Amino acid sequence: MLRLFNTLTRRLEIFRPITPGQVHLYVCGMTVYDRCHLGHGRMLVNFDVLYRWLTMSGYSVTYVRNITDIDDKIIDRAARNGESISALTERMIAFMHQDLTRLQVLPPTHEPRATDHVPGMISLIEQLMTKGLAYSGSNGDVYYSVRDFPDYGKLSGKSLEDLRAGERVARDGFKRDPLDFVLWKSAKPGEPQWPSPWGPGRPGWHIECSVMSECYLGEHFDIHGGGHDLQFPHHENEIAQSEGAHGHTFVNYWMHNGFLRVNDEKMSKSLGNFFTLDDIFNKYHPDVVRFFLMRGQYRSPLNYTDAHLEDARQGLNTLYTALRGRGVSDGAVDWEGEHEKAFRRALDDDLNTPEAVAELFALAHEVHRGGGDASATRLLRLARILGLLPQDPEAWFQEGAGLTVDTAVDDRERIEGLIAQRLAARQVRDFATADQIRQALLAEGVVLEDGAGGTQWRRT
RNA sequence: GGCGCGAUAGCAAAGCGGUUAUGCACUGGAUUGCAAAUCCAUGUAGGUCGGUUCGACUCCGGCUCGCGCCUCCA
């Protein structure tokens with residue numbers, strides 16, 4: 001029985017879908033003005049684990065992860081780059097898909113783009129106008145009137161008074177309340193624009209998620225997720241829009257993943273600690289990054305350092321080692337097994353991936369203690385539920401063991417040539433020469449392993 | 001200022017009111033021509049002060065420290 005922490009109630013709750021056997025899941029995806037960074041990666045991997053686990057648990061899941069391809073930052077960036085908005089967004093979307101593929105993140109059922117849903121947004125804003133929850137300012141922008149939505153603040157646990165006390169909200173002369181937010185922005189010269197009842201313009205930030213979720217999942221659905229920072233104002237505003245317009249509950253379970261930190265500091269461009277996934281993949285294999293992300297519970301802050309990634313790499317190598325030379329097959333999990341039960345219990349407990357991973361290590365241990373191929377197969381099948389251990393183990397170790405290295409073809413031939421030389425030396429018991437070759441290869445990160453079936457090699 | 005979260009062994013990170021988490025690193029032994037991998041053995045951790053309890057890392061409260069949101073942000 002799956003339990004999830006619901007941000008709305010701040011409690012662990014038993015998950016009960018609206019329609020038995022079906023889950024409607026929406027996650028706020030990327031605003032595509034730049035490459036994905038590790039924080040995005042964390043969010044995308046976390047909800048990928050949720051998607052996989054729901055599916056594995058027997059639910060038919062409709063997973064929608066949107067792309068926001070129109071907003072201030074996109075317009076600014078395109079202008080600064082001297083390129084069109086669509087050129088920028090198409091490029092970033094292609095990069096994103098590449099990053100996601102490398103991270104073993106499955107594609108969602110639907111990946112709608114905001115610019116394909118502008119008419120729906122206009123329609124929703126009209127409904128809000130009709131209900132007296134929206135108004136147009138004298139500047140042509142349309143605003144949401146937060147004071148007219150009594151539940152405003154229920155997700156973030158804030159009252160309007162608390163929010164006003166922060167005094168961090170810029171006042172402008174067009175809003176009735178400084179906390180009102182923009183639903184529709186009137187067009188400025190040179191900006192993309194769509195016709196609307198309020199004149200040409202473009203949507204505000206939050207409206208696209210209310211509209212796209214409704215389009216694919218309905219007015220009321222099961223789970224809505226995103227990064228912790230989206231709790232307020234983005235998700236709060238989505239609730240105001242959707243529940244304000246429809247007059248009933250929008251989402252049953254809200255899930256938010258914790259932030260990623262870098263060297264114990266918030267990741268930010270000004271601190272210069274901003275890593276794109278691509279940067280990291282130049283050093284570590286994406287599987288290592290995915291494994292690293294799953295060693296922490298998704299709601300906790302996670303600190304990135306090179307040392308932590310190196311730890312993760314070594315741990316992952318332990319798992320891959322257990323698969324080396326084993327006859328394994330992918331396939332259905334036998335959930336009667338002790339480790340399988342513990343694994344399920346862990347994930348059912350608000351996606352406790354660290355505990356699930358511990359079961360992977362337990363099985364790896366079992367492989368070496370007589371469990372052999374059977375235990376290795378069990379390990380592989382559980383790992384693959386999490387999107388782990390997708391590679392052939394021998395290839396994994398020869399291609400860098402989690403480090404990104406140049407693997408030129410002649411490099412392999414050279415290594416195997418040296419191994420042959422060493423074998424010849426060993427056969428005449430010239431161990432001095434044999435050890436010299438071993439040391440020389442070790443110095444460049446290649447370990448030789450003498451076994452019953454001959455000498456194998458791997459990178460460290 | 002408002003709201004919220006956290007503090008676990010060298011590092012990372014879980015569960016749990018009384019029994020070994022787990023991983024990485026380290027140490028000793030086995031194994032090996034030497035190694036690697038693996039196996040065996042080895043860690044009296046739970047910020048601090050108090051309370052509840054037969055018993056608390058685990059529940060409650062104070063304190064200290066760290067962090068997040070309140071503005072664009074996954």
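Provided above is the structure to which this section pertains.
Reading the values: the criteria
- Residues numbered from 1 in each chain as written.
- Chains lettered and ligands numbered in written order.
- Predicted model: local features only at pLDDT ≥ 70, side-chain atom pairs only at ≥ 80, totals over all residues.
- Heavy atoms only, no water.
- Helix = DSSP H or I, 4+ residues; strand = E, 2+ residues; numbered from the N terminus.
- Buried < 20%, exposed > 50% of the residue type's maximum accessible area, 1.4 Å probe, protein only.
- Salt bridge = Lys/Arg side-chain N within 4 Å of Asp/Glu carboxyl O.

(A) The arrangement of unusual backbone geometry in detail. Following Phe232, the chain continues into Pro233 via a peptide bond in cis, with omega recorded as 0°. Position of Pro233 relative to the elements: it lies in helix 7 (residues 231-246). Its identity as a non-glycine residue notwithstanding, Gln104 has a phi of 65°, on the positive side. For Gln104, the position within the fold is in the loop between helix 3 (85-102) and helix 4 (118-130). Gln104 gets classed as partly exposed once you look at its relative accessible area, which sits at 23%. The phi torsion at Asp350 lies on the positive side, around 55°, for a residue other than glycine. Turning to its location among the elements, Asp350 is positioned in the loop between helix 11 (338-348) and helix 12 (353-385).

(B) Highlighting the pattern of salt bridges. Inspection of the entire model under this criterion finds 31 salt bridges. The partner of Lys283 in a salt bridge is Asp306, with the nearest N and O atoms 3.5 Å apart. Here the residue Lys283 occupies a position in the loop between helix 8 (277-281) and helix 9 (286-294), and Asp306 occupies one in helix 10 (residues 306-323), the gap between them amounting to 23 residues. On the basis of relative accessibility, which here comes to 39%, the residue Asp306 falls in the partly exposed class. The partner of Arg414 in a salt bridge is Glu444, with the nearest N and O atoms 2.7 Å apart. Here Arg414, found in helix 14 (residues 409-427), pairs with Glu444, found in the loop between helix 15 (431-443) and strand 14 (446-451); they are 30 residues apart in sequence, far enough to count as distant. By relative accessible area, Arg414 is classed as partly exposed at 38%. A single salt-bridge network, built from bridges that share partners, covers Arg35, Asp99, Arg102 and Asp278.

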